[in-house]
Structures are given as C-alpha cells and as structure tokens.
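Spelled out from the first residue to the last, the chains are:
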Amino acid sequence: MSSVSPRLDHPVKYALFLPYAAMIFCFLIVPMAGLVEVSFRQQSSVRITGLGFTLANYARVGDPFYLGILFDTLRLSMISAAMAAILGYPVAYVLARSSGRAKTVLIVAIMIPLMTSVVVKVFGWYIILEPSGVINALSRAVGWGRWNLLHNEIAVVAGLVEFSLPFMVLSLSASIERIPRNVEEAAGNLGAGPWRVMARVVLPMSRAGLLSGYLLCVGVSSSAYVVPAIMGGTRVRMVGQQIYDDVLVGFDWPSASAMSVVLVLILSLIFYAAMRIGPKAA
Amino acid sequence: MGVADTAPPVGRIGTQDRAAGAPSASASPATKGAPALILEAVVKRYSKDVVVGPVSLSVAAGEFLSLLGPSGCGKTTLLRSIAGFETVASGKILVGGRDITFLPAHRRGVGLVFQNYALFPHLSIFDNIAFGLRLRKWRPDAIAQKVAGALEMVGLAGVEKRTPGELSGGQQQRVAIARSLVLEPELLLLDEPLSNLDFKLRVQMRYELRQIQRRAGMTFVYVTHDQTEALSLSDRIIVLSNGRIAQEGTPAEIYGAPRTRFVADFIGTTNMLPATIERLNGDGTLVARMADGPSFTGHSRAARRIGEAVSVCIRPECVALAPGDEADSNILSGRVVSETFCGDRTEVRVEIGEGQGRQIVVYYQTGRQPVPPAPRLACAIADTVILGDE
C-alpha cells in the first residue's frame, strides 16, 4: 500500500514532537526521577520525603511478604489479561468486520465502560455480589444459602477483566482490521471452515495486536487500586493497595517509592522482552 | 533476485502419488465427461436489484473460458457466486455434475485465484501451498512432493522457505496459482489475476498461464476486463454487459463477428458509421449506404429489412489507404487528420466525407509502405460487419 501522507524529511519534523516531549519530561520524567530519589531516603518524621541515604526500602521489597504482593499483582494481572483476550477476541473480530452504523454503535458500546468511573463500575459489582446482594438473594430464595462472593481473587479478576476489556478489544480490532478479507476467503476456498480460518489465518495474523492488547491489560491491571481495594478487601492485596497504605497510612513515602520503582522496572522489563521476542506488526 | 520471471520448465503435477486414502476435493470419477461447470439461469440480487443474470452457460472440461466485460458488468460477482462467496437468488450451479449451489465455500472444491494474490503473509511459500493439503490430512512426505511439483509447474522451484513479502508480484501470483493447482480442483477460477502486474510481466504471465493450464489439463474460468488478455488466452469468450451475456464464441468469432454494437465497441477498436440497408443480396451479404455517401457490402448475423438504420463496423486494420479521391462501393474518400506512431503500427485518423467531421481510425503496420502523402486518400474497406439495434 502506497503512503498517501506527505513525507517529512526536513529536520523541522522533529519539532512536532516537542510539545508532547516537553509534557512527558515535565510531568513524567521529572517526577519519576524524584520518586527514584525518595526511594533511597530514610523515612523521617521531619520531612515526608525522607532524609539521608539507605537501601533499606529496596531490601523491604525483597521481604517475602512484599515479594508475594508483587507476585500476586503480576499473576492476577496476567490472568485477567488472558481472560480479557478470550472474552474480547470475538467482539474485536465482529467490530473489525463491521461497517457503517453497526460499527459506530459497537465502538460506542465498547467505549462507554471506559468513560465510566472505575468506582462506579466496581460498586456495580459490589451490589450484585455483596452478602445481601442480588445473587445471594436469588441463592437464598432457591435454598442454596448465602455465599461470600466478594473479597476473593475471582472477584478481583472479574473486576480487572471488566476494567481492561476495552483496551484489549480496541487493540485487537485494529489488528484484525488490517487482515484483508480476501485472505480469509482464500483460506475458505482452500477448504478451511470458519473455525479453521480463525485458528490458522486470523489468529496468527493478529498476534501482534493480541500481544499489545495483552501488555496494555497487564499494565492497567497491575497498577489498579480501586478494583483490588473494594473487590479484594483485606484478603487480596495488590501493589497499588500496598503503595497507598505506605503513603497514607504509614506515611512512609520512601518505601512506597521503592515499591513503585520496582513495579515500573518489572513492567518495563516484561514489555521490552515481549516486544523483542514477540510477533511484530506487519 | 534469485528466481527470475522466466518460462517454467515442463513438469506435471502427478495424480498417482496421492496419499493412500486421502480425501480429495475432486468429484467421483462417475461424473466423468460431464461439463466442468454449468450455470442454469443464475440470478444474483443485491437487496432488490438484479445485478447478474439470468446467466446460463456451460464450460467443457479442459476448456479455457474468459468472462469479459467492463467493470460493473457482474463478472466478478458471477465468479464469486461460483466460488461460494456470494449467494445466488435463483438458478443452479453445477461443477462436474454436482449441484453446489447451496454448498458453503470451503466445501465446493473449486479453486480461486485472487487479483491481489491473497497469500498468507505469516506462512512460508511451502506452507502457503501446503495449506489445502494439510486441511485434507495428507502425509508430510506426500505434501512435500506435491508442493515441489506445483512450484516446478509454475516455474518457481526453490522458493519454499521464503515468505510472500519477499517475492515480486508476478512470483506471488504464481504461488497463488500453485496453491490452488496443488489441490487439483476440477475448476480453477481466476479473478483478474494479472491486472496488478506491470505490462511486460503481464504479457509474459499471459503466455505462462496458458502453458500451465494446458500442462495441468485443468478447466479455467478467467475473469478479465482486458480484451487482449481474453482474446489471446481463451478457447472461448463470454462477453458480459449489465449482468447478462452479450455474446459468446471463440476469440476469432467475438472479434470478427461481433453481434451487438456493445461487443463491437468493447472488443478492439471499431469504426462505426451510420447507414441504411439498401439491398439484400442472395448470398447472405447485404448492402448498406451511408447518407449521401458510399455503400458497403457486409455481413449481418441477424435478418435485416431494407431501409433499416444500421451501423457499419470497420476494424482499423481492414482499411487500405491509397492516393485518390474516389468514393465508391466499399471505398471512403478522406483526408489525413493525424498520424500517431505506436511502434508496431501507426494510427492514422482520417476525416471522411466533406466537412462532416466524421473520422475513422486506420492502423498502418510499421514496415509496410508509408502512408501515402496525397491530400486526399481513398480508404478501401476489406471487411465490414453490419449491426442493428439488437
């Protein structure tokens, strides 16, 4: 496909990056540097950002309790990203292969949850799952008794899947849209039924979109706070809650910073490795 | 580039080396002798509009048939209906005697080669060609043998490990053909397979396609809007216009004896002059006269009445130019307006009659004597076809 956009070979084209680069620098790079700095300080009752120099905050991350929280965070994020992929793929395919009014309606339907506050969505789950909620009311009505449906990992994963699903669908559908219909037809013509066309042509050709959707979902889920806090209660703990508690309950900014830095490093490493090893977009 | 676009060596896809018990897309031999394809009054509608049909046609086994027509005439829709990507509103489609009208596309066993090749970019050339064989659960050693045979047939042996993106357009199209040929379909449909190639390659691939078809002994139904392609490739041509068959016949019949003005105009270049039927000769020829102009003796496929308004079709290569100012039976008098050198020929525009501005195009082959430099020329017409409003 020949490019229709004008080619900018002039050095001025780099100037187009300036506003964005400036914003990223001021509001992401600089605060991150501050975070790294704070993470090496000792907690102090005089200064909230700590004093002196210590490696103790990082040593604390190595403690089995905190390592467990990190591990659980990644585990739950990856499980929910996988669930989002399974639930989102059919939707993404239909969206990619629709056109006109149907496509507009679908996109709006997928975007609405993104525009709704996470708190609202999570309390929606709460109303349904809580001990006196809809499901338990039904369960008691048919004589199955009362169940504790909240404050477990399944509830957290359910919340995370709902939270991250739009990212998966949009990323996948952009990738599926680029697969020419002719290629699907060619597979059908060679004898592949609809399921085989999916398994042997569409799925492998959308690997890049699947990977980027997966990474996006892992990213947004592993930094989630509201979902694990409400759906998981005190029983399921993710990094977001730990950092929140360190900052607002323990007033230990240095420890919270170290935890944040480690989380960013781990995610960056995963993303980098996945992009290097994984399939590239055509 | 490692693999040149050269004529392929002679090779044949073996029919005897099938994996034991492997199911085949081909029909049972019981239907041998039946036409490879029959369409019975096929009609295709979009919402309420009939876009194709009713079209009825029959293609003999081993025949190379072209569906020729301008864009929008329904030729691709017809082809996609045969492949199963469009559902027909009514009519029947039979391949090798089997009614496939309502079979899903993947169970039709009809090959289709797409204009944009539609190769699988994530698979190697080998895996592209092996795709259909694997679906049919062939043994790996049999697959390897068949793929090698198919690549040899299209003149691309040795590219197995590459991916489609590493091949030129011509090579990709040959892989697409090999991918369909390897399944030995009773019928191979080709949807303008050469139109994405540049001119030189297109002409060469034209020749090679014909060779491949003969070698494989397969039935080809070829869709094109390029009349040169259709004329040079086909055993038979079906000209489509507005979703209907305008004419069918051998390339020579279609070119030499067009049945309607549309066909005469669409195939090749034609000078069409208005005239009136003056006399019906006993030998099947008739005489038509232009308004205050010369008369022409020509053939007509349909019966004509004296006084009927007709068009006299004159092919540009059927006109000989000589100095002179006579206008006689089958001779037009005219003045050269322009000469365009086209390499193998010169296209001469001649204004005929006096000041009516009517022009005809005459082809003058390079290498023959030059166009006479006289101020007025006598244009002797060798052959004409007389067409009415049908």
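Reference entry: report on the structure contained in this document.

Basis of the calculations
- Residues numbered from 1 in each chain as written.
- Chains lettered and ligands numbered in written order.
- Predicted model: local features only at pLDDT ≥ 70, side-chain atom pairs only at ≥ 80, totals over all residues.
- Heavy atoms only, no water.
- Disulfide = S-S within 2.5 Å.
- Contact = heavy atoms within 4.5 Å.
- Buried area = accessible area lost by both parts, 1.4 Å probe.
- Salt bridge = Lys/Arg side-chain N within 4 Å of Asp/Glu carboxyl O.
- Pairing = 2+ DSSP bridges.
- Helix = DSSP H or I, 4+ residues; strand = E, 2+ residues; numbered from the N terminus.
- Axes fitted to C-alpha atoms, helices over the stretch in contact; angles between N-to-C directions.
- Phe/Tyr/Trp six-rings, centres within 6.5 Å; stacked < 30°, edge-to-face > 60°.
- Lys NZ or Arg CZ within 6 Å of the ring centre and 35° of its normal.
- Buried < 20%, exposed > 50% of the residue type's maximum accessible area, 1.4 Å probe, protein only.
- Expected span 1.5 Å × (residues − 1).
- Polar contact = N/O pair within 3.5 Å; in protein donor to acceptor, adjacent residues only side chain to side chain.
- Parallel < 35°, antiparallel > 145°, perpendicular 65-115°, else oblique.
- Nonpolar A, V, L, I, M, F, W, Y, C, P; charged D, E, K, R; others polar.

**Examining the state of the cysteines**
Here comes step 1: On inspection of all chains with the given rule, the structure shows zero disulfides over all chains.
Here comes step 2: Considering cysteine sulfurs only, Cys318(B) is the nearest to Cys313(B), which forms no disulfide, with 11 Å between them.

**Some remarks on the interface of chain B and chain A**
Here comes step 1: At the junction of the two partners, chain B supplies 24 residues and chain A supplies 18 residues.
Here comes step 2: Carbon and sulfur atoms make up 62% of the area that chain B and chain A hide from each other, which totals about 1800 Å².
Here comes step 3: Taken as a group, His106(B), His122(B) and Leu135(B) account for 34% of the area that chain B buries against chain A, more than any other trio of residues on that side.
Here comes step 4: Applying the counting rule to chain B against chain A returns one salt bridge.

**Describing the sheet that holds strand β6 (residues 111-113) of chain B**
The strands making up a sheet are joined through hydrogen bonds of the backbone, oriented either antiparallel or parallel.
All names here are of chain B.
Here comes step 1: Strand order in the open sheet made by the six strands is β6-β7-β8-β3-β9-β10, with mixed pairing throughout. In the strand order of this sheet, the two ends are held by β6 and β10 (244-249), each with one partner. Direction aside, neighbouring strands of the sheet carry axes that sit 20° apart on average.
Here comes step 2: Examined bridge by bridge, strand β7 (residues 187-191) and strand β8 (residues 219-224) share five bridges and lie parallel to one another. Counted as the bridge partner of Asp-191 is Val-223 from β8.
Here comes step 3: The strands touched by helix α4 (residues 169-181) are β6 and β7; relative to β6, the strand with the most contacts, the crossing angle is about 175°.

**A word on the packing of aromatic side chains**
Here comes step 1: Enumeration according to the criterion identifies nine aromatic pairs over all chains in this entry.
Here comes step 2: Relative to Tyr58(A), the ring of Phe40(A) lies with its centre 5.1 Å away and its plane at 40°, an arrangement referred to as tilted. Taken together, the positions of Phe40(A) in the loop between α1 (18-39) and α2 (56-61) and Tyr58(A) in helix α2 put the pair 18 residues apart, joining distant regions of the chain.
Here comes step 3: Relative to Phe266(B), the ring of Phe262(B) has its centre 5.7 Å away and its plane inclined at 5°; by these criteria the two rings are stacked. Note that Phe262(B) and Phe266(B) are positioned in helix α8 (residues 261-266) at a spacing of four residues, about one turn of the helix.
Here comes step 4: Directly above the aromatic system of Tyr363(B) lies the positively charged group of Arg345(B), at a separation of 4.3 Å from the ring centroid.

**Concerning the side chain of Ser260(A)**
Here comes step 1: Among the secondary structure elements, Ser260(A) is positioned in helix α13 (residues 253-277).
Here comes step 2: The contacts of Ser260(A), once residues within four sequence positions are left out, are Leu35(A) and Ile243(A).

**With respect to the environment of Arg140(A)**
Residues and elements named next belong to chain A.
Here comes step 1: With respect to the helices, strands and loops of the structure, Arg-140 is situated in helix α6 (residues 134-141).
Here comes step 2: Under the relative-accessibility criterion, Arg-140 is labelled partly exposed at 38%.
Here comes step 3: Taking C-alpha positions, Arg-140 is 36 Å from Asp-245, a pair spaced 105 residues apart along the chain.

**Quick notes on helix α9 (residues 194-205) of chain A**
Here comes step 1: For α9(A), spanning 12 residues, the distance from its first C-alpha to its last is 15 Å, which sits close to the expected 16 Å at 1.5 Å a residue.
Here comes step 2: Listed in full, the buried residues belonging to α9(A) are Val197(A), Val201(A), Val202(A), Pro204(A) and Met205(A).
Here comes step 3: Along its buried surface, α9(A) packs onto α3 (64-96), α7 (153-177), α8 (181-189) and α10 (207-222) of chain A together with α2 (125-135) of chain B.

**Quick notes on the side chain of Ser39(A)**
Residues and elements named next belong to chain A.
Here comes step 1: By the secondary structure assignment, Ser-39 is in helix α1.
Here comes step 2: One polar contact links the side chain of Ser-39 to the main-chain carbonyl oxygen of Val-36, over a distance of 2.5 Å.
Here comes step 3: Of the polar contacts made by the side chain of Ser-39, one reaches the side chain of Tyr-58; its length is 2.7 Å.
Here comes step 4: Here Ser-39 is in contact with Thr-54, Asn-57, Tyr-58, Pro-254, Ser-257, Ala-258 and Val-261, once residues within four sequence places are set aside.

**Some thoughts on the sheet that holds strand β1 (residues 37-46) of chain B**
Residues and elements named next belong to chain B.
Here comes step 1: With antiparallel pairing, four strands are arranged side by side in an open sheet as β2-β1-β4-β5. Edge positions in the sheet fall to β2 (49-59) and β5 (98-99), since each has one partner strand and no second.
Here comes step 2: As paired elements, β1 and strand β4 (residues 90-95) share five bridges and run antiparallel to each other. Pairing of Glu-40 across the sheet is with Lys-92, part of β4.

**Quick look at the packing of helix α5 (residues 118-129) of chain A against α6(A)**
All names here are of chain A.
Here comes step 1: Running from amino to carboxyl end, α5 crosses α6 at an angle of 15°, the nearest separation of the two axes being 4 Å. One way to sum up the angle between α5 and α6 is to call them roughly parallel. Listed contacts from α6 to Ile-127, Ile-128 and Leu-129 of α5 are Val-134, Ile-135 and Asn-136.
Here comes step 2: Along the lines of polarity and charge, the residues of the contact of α5 with α6 split into five nonpolar, one polar and no charged.

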